[in-house]
Amino acid sequence: MSRLFVKPLVGLFLLALLAPALVHAQVAQPVSLELPGYVALESARDYEARARYPESSRALALGEVDPIRAKRIPAPHSLATPDVDGLLTVWSSKVSFEAGEPVVLHVAVTDLPADVVAGTRITGEVVDSDGHVLGKVTYRDGGWFDEATGDGVFSGLFRFPVARVPELAESFLVKVRAEKPDGEVLKAASGFLLSNPHGRLTGQYREELVDGNLVISAEVEVDRSGRFHLAGTLYDVTGQPVGWAQAAETLEPGTHWIPLSYYGLMFHERGARGPFVLGSVALSTTSGMPNALNDVVESPYRTRVYGLESFRAQPHGDPALLESAQRLRTEAFFSRLRATQ
Amino acid sequence: MKLRLIIPLALALLLAALVLPQAASAQPCFIFVHGKQTDTGTFTNWNNARNYWIDGSRDFIRTATKSFSASFYVVGYNGTRPYWESQAAGEVSNEILNATNGGADGGGNRCARTWSQGGTFWVVAHSMGNTVMDFILGNNDSSDPNFNFNGPYSDVANRISLVISVSGAHRGSEGADAVCGNSGALCNFLAFFIQDCDDATFWLRSDDGVQVRSFSNSPARNVWLTGGYEAIFGASACLSGEDDGVVQYASIYACGGSATASYDNSNACNNSFKQEASGFRNLDAGHENHDDIRDDTDRDTRRQIPDGIWNCSGVPCAPNTVVQSNTSTAQFVALLY
């Protein structure tokens, strides 16, 4: 007898709770938010997807750019000066320069007649975070560090005093001033990071399979003890980024190997067997802030061919992400319940 | 026959009566993180941190928590320090952990449920508060460059559910560029946001050498992005594209590429072109400036942006569609849970 009531009981219970939401979904509102709890539910779905990989390694979607290279592309900054014609665009040739390297800076003057641009005098000041001026920069259109003459792009060179090399790294501001022939002044600011890394890549690499993951280790020569971070993007033979991995270790002076573990599932998802190319490798010293960034090394290593059966196909199942997802799903349920009250 | 329907119906109603009251208590706890400061007041006096969200009779926290029906906790950190320092990211991470443990903020407010009791926690951050959260959530794993740099970042990332970013300075601020570059009187901003090129402002420039993405990875939990597009006279002339008078859209919506690229409500970067590969999602935009958006004083128009969460007749609205009138960001937050 009791079994006769179970199905109707469950059905009526669910109907009582969800009916208002179902009605809402069927009647297209002119303008409406997604159903209550959408933000929680979407976040839960995102976490369940991300939980398939450990935080130290993830697959890159087809067409996704190399995240290491993307962060090292210096972006020009344009700043308008109110009530002054013209636009000043400023940038550094690199996001970070290693100590001893000349700092090359660029400025473009636009939205002005060519003769005005040609007659504009551009200077800069390199300033630290305390506001102290380290030196001045004169920008020229032409010169060995300027790509072309007459293109509206001016370049300047700055060499740091040896005594001013930071202990680890330091960020600097570049105040740019462009004085037009009529005396009007355009101003803008850019900057760069000056890095003094405590270790560097030797150029030696090795590979192995560990628990169904492809582990590529990079040899590092450490000058001073500290914490070191390594990241690498793996490409397939067609030149497409496949996956990314990172690792961090505290190391003493000497030679060490830092392993980058590419989680096996990514190769199944991309159907990629190798050989693979370590397309970008970035080492940094992260003993303090700001971190000291070594220059990115491109394509230093190529792996052998692997069969897909060599790689693990099981999702990682990050427990913290799955826990967050479960809590958010519960929260989303109650959000919709509250909306029906 | 009637018994087959009456008894299950009665039991269903009884079950609903038991479940429904839990709905009210299953709300997230809101943790509020303020933005940049020109003095240490929010760090040394909790009331200053609380008042950051109030203007006259309007109160962002009261509105967002539905008249305090959802529990909340207000963080106060030193907004004059760089986002990564111990009195910024370190302080914020420790306070968030305290909140999830059921500890009280400086005003005695506690989350209704602790983490161990199954609680969920939404961080609502304004302006530089988001730069701080990006650093914390992007350094939560032992393989991250600045793992647990000066606080329990891993615990924070494990416990919070998501972040609501309100006019966040994820890619810095062109306002900071202008002030540090001495761009002139008309580019100087409201004193309570940016007065001079102090330490916090220096680290809020849009230069890649100071940006948080250069020193962190994807946030461990989703950051949902909303911001303002009401200009501030004079100040907005110094910013690229749409802005709220202090922070440009490329930063508010955590865009990839150039931090000073020009965007507006019709072409703001979508969820596939963010400063990190994952973790940033679009919500919408409100006609509020950088100051109004944090204190519920401007209940104005809201517009859809690419990948935003508003529907028009059941399908996503076209970007730049007016989706609401007379609705502040605080009121919008109250609609999300």
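Residues numbered from 1 in each chain as written. Chains lettered and ligands numbered in written order. Predicted model: local features only at pLDDT ≥ 70, side-chain atom pairs only at ≥ 80, totals over all residues. Heavy atoms only, no water.

Some remarks on the overall build of chain A
Along chain A, the regular secondary structure elements total 6 helices and 19 strands. Its C-alpha atoms give chain A principal-axis dimensions of about 95 × 55 × 40 Å. Classification of the 341 residues of chain A by burial places 52% in the buried group. For chain A, contacts bridging at least 24 residues in sequence account for 67% of all contacts bridging at least 6. (Helix = DSSP H or I, 4+ residues; strand = E, 2+ residues; numbered from the N terminus. Buried < 20%, exposed > 50% of the residue type's maximum accessible area, 1.4 Å probe, protein only. Contact = heavy atoms within 4.5 Å.)

Things to note about the pairing of strand E9 (residues 153-158) of chain A
Residues and elements named next belong to chain A. For E9, the tally of buried residues reaches 5 of 6 residues, placing the bulk of the element in the interior. Of the pairings in the sheet, the one linking strand E6 (residues 103-110) to E9 comprises 6 bridges and is antiparallel in character. Bridge pairing links Leu105 to Gly156 in E9. (Pairing = 2+ DSSP bridges.)

Re empty space enclosed by the protein
In the structure shown here, the tally under the stated rule is 5 cavities of 30 Å³ or more. Pro74(A), Ser92(A), Gly191(A), Asp207(B) and Asp208(B) are the residues nearest the centre of the second largest cavity, which is lined by 13 residues in total. Mapped onto the lining of the second largest cavity, the elements with two or more residues apiece are strand E4 (87-92) and strand E11 (185-195) of chain A. Among the elements that line the lining of the second largest cavity, the one with the most residues is E4(A), at 3 residues. (1 Å grid on protein atoms, 1.4 Å probe; cavity = no way out; pocket = protein on both sides within 12 Å on 5 of 7 lines; lining within 4 Å. Points joined across faces, edges and corners; volume = space filled by probe spheres on them.)

Quick notes on the sheet that holds strand E1 (residues 31-33) of chain A
Reading across from one edge, E1(A)-E10(B)-E11(B) is the order of the 3 strands in this open sheet, with antiparallel pairing throughout. Sheet topology places E1 of chain A together with strand E11 (315-316) of chain B at the edges, where each strand pairs with a single neighbour. Bridge count between E1(A) and strand E10 (residues 310-312) of chain B: 3 bridges; the pairing is antiparallel. Considered in E10(B), the bridge of Ser32(A) is made with Asn311(B).

Here's the deal with unusual backbone geometry
Residue and element names in this part refer to chain A. Residue Pro275 follows Gly274 across a cis peptide bond; omega there is 0 degrees. Positionally, Pro275 belongs in the loop between helix H5 (265-270) and strand E17 (277-285). Going from Met289 to Pro290, the amide bond is cis rather than trans, its omega being -5 degrees. Inspection of the secondary structure assignment puts Pro290 in the loop between E17 and strand E18 (292-293). Unlike most non-glycine residues, Asp211 shows phi in positive territory, near 55 degrees. With respect to the element layout, Asp211 can be found in the loop between strand E12 (199-210) and strand E13 (213-222).

Some thoughts on the pattern of salt bridges
Residue and element names in this part refer to chain A. Throughout the structure, instances matching the rule amount to 30 salt bridges over all chains. The shortest N-O distance in the salt bridge between Glu48 and Arg329 comes to 2.7 Å. Placement of Glu48 in helix H2 (residues 38-50) and of Arg329 in helix H6 (residues 319-340) is noted, with a sequence separation of 281 residues between them. Note on Glu48: relative accessible area 28%, which makes it partly exposed. (Salt bridge = Lys/Arg side-chain N within 4 Å of Asp/Glu carboxyl O.)

Here we look at the nonpolar core
By size, the foremost hydrophobic cluster in this structure holds 66 residues, and its most contacted members are Tyr83(B), Val92(B), Val123(B), Val132(B), Met133(B), Phe135(B) and Tyr253(B). It is helix H6 (residues 128-137) of chain B that provides the largest number of residues to this core, a total of 6 residues. The contacts of Tyr83(B), once residues within four sequence positions are left out, are Ala88(B), Ala89(B), Met128(B), Thr131(B), Val132(B), Phe135(B), Trp203(B), Val210(B), Gln211(B), Val212(B) and Phe215(B). By size, the runner-up hydrophobic cluster in this structure holds 42 residues, among which are Leu33(A), Tyr47(A), Leu328(A) and Phe30(B). (Core = buried A, V, L, I, M, F, W, Y, C linked by side-chain atoms within 4.5 Å.)

Structural notes on the interface of chain A and chain B
In many analyses, interface size is given as the accessible surface area lost on bringing the parts together. Contact with chain A, which involves 75 residues of that partner, is made by 90 residues of chain B. Our count for the contact surface shared by chain A and chain B stands at 3 salt bridges. The partner of Arg281(B) in a salt bridge is Asp46(A), and the shortest N-O contact between them spans 2.8 Å. Counting every contact that joins chain A to chain B gives 36 residue pairs in polar contact (both at pLDDT 80 or more). Looking at which element gives the most residues to the side of chain A that touches chain B, the answer is H6(A), with 11 residues. Grouping the amino acids of the side of chain A that touches chain B by side-chain chemistry returns 38 nonpolar, 20 polar and 17 charged. (Polar contact = N/O pair within 3.5 Å; in protein donor to acceptor, adjacent residues only side chain to side chain. Nonpolar A, V, L, I, M, F, W, Y, C, P; charged D, E, K, R; others polar.)

Section: the confidence of the model for chain A
On average, residues of chain A score 89 in pLDDT, and 91% of them reach the 70 mark or higher. Segment residues 19-28 of chain A: pLDDT under 50, and 9 contacts once partners within four positions in sequence are set aside and those in other chains are kept. (pLDDT = per-residue confidence, 0-100.)

Digging into the state of the cysteines
All names here are of chain B. Taken as a whole, this structure holds 4 disulfides over all chains when the rule is applied. The disulfide that involves Cys312 links it to Cys317, with 2.0 Å between the sulfurs. Given an S-S torsion of about 100 degrees, the disulfide between Cys312 and Cys317 has right-handed geometry. We classify Cys317 as buried; its relative accessible area is 6%. (Disulfide = S-S within 2.5 Å.)

Quick notes on the packing of aromatic side chains
All names here are of chain A. Under the defined criterion, the tally for this structure stands at 30 aromatic pairs over all chains. Judged by centre distance (4.8 Å) and plane angle (55 degrees), the rings of Phe160 and Phe172 are tilted. Residue Phe160 is found in the loop between E9 and strand E10 (169-179), and its partner Phe172 is found in strand E10; the two are separated by 12 residues along the sequence. For the residue pair Phe160 and Phe172, the accessibility class agrees, reading buried in each case. (Phe/Tyr/Trp six-rings, centres within 6.5 Å; stacked < 30°, edge-to-face > 60°.)

Side note on H6(B)
For an α-helix, 3.6 residues make a turn, and residues three or four places apart therefore share a direction. Among the 10 residues that make up H6(B), 10 are buried, leaving the element largely enclosed by the rest of the structure. All of the buried residues in H6(B) are Met128(B), Gly129(B), Asn130(B), Thr131(B), Val132(B), Met133(B), Asp134(B), Phe135(B), Ile136(B) and Leu137(B).

Re the sheet that holds strand E5 (residues 121-126) of chain B
All names here are of chain B. Judged by pairing direction, the sheet is mixed, and its 8 strands sit side by side in the order E4-E1-E5-E6-E7-E8-E9-E12 without closing on themselves. Looking at which strands have only one partner, the edges of the open sheet turn out to be strand E4 (72-75) and strand E12 (322-327). The average angle at which neighbouring strand axes cross in this sheet is 20 degrees, direction not considered. Bridging between strand E1 (residues 29-33) and E5 involves 5 bridges; their strand directions are parallel. What sits directly across from Val33, in E5, is Ala125. (Axes fitted to C-alpha atoms, helices over the stretch in contact; angles between N-to-C directions.)

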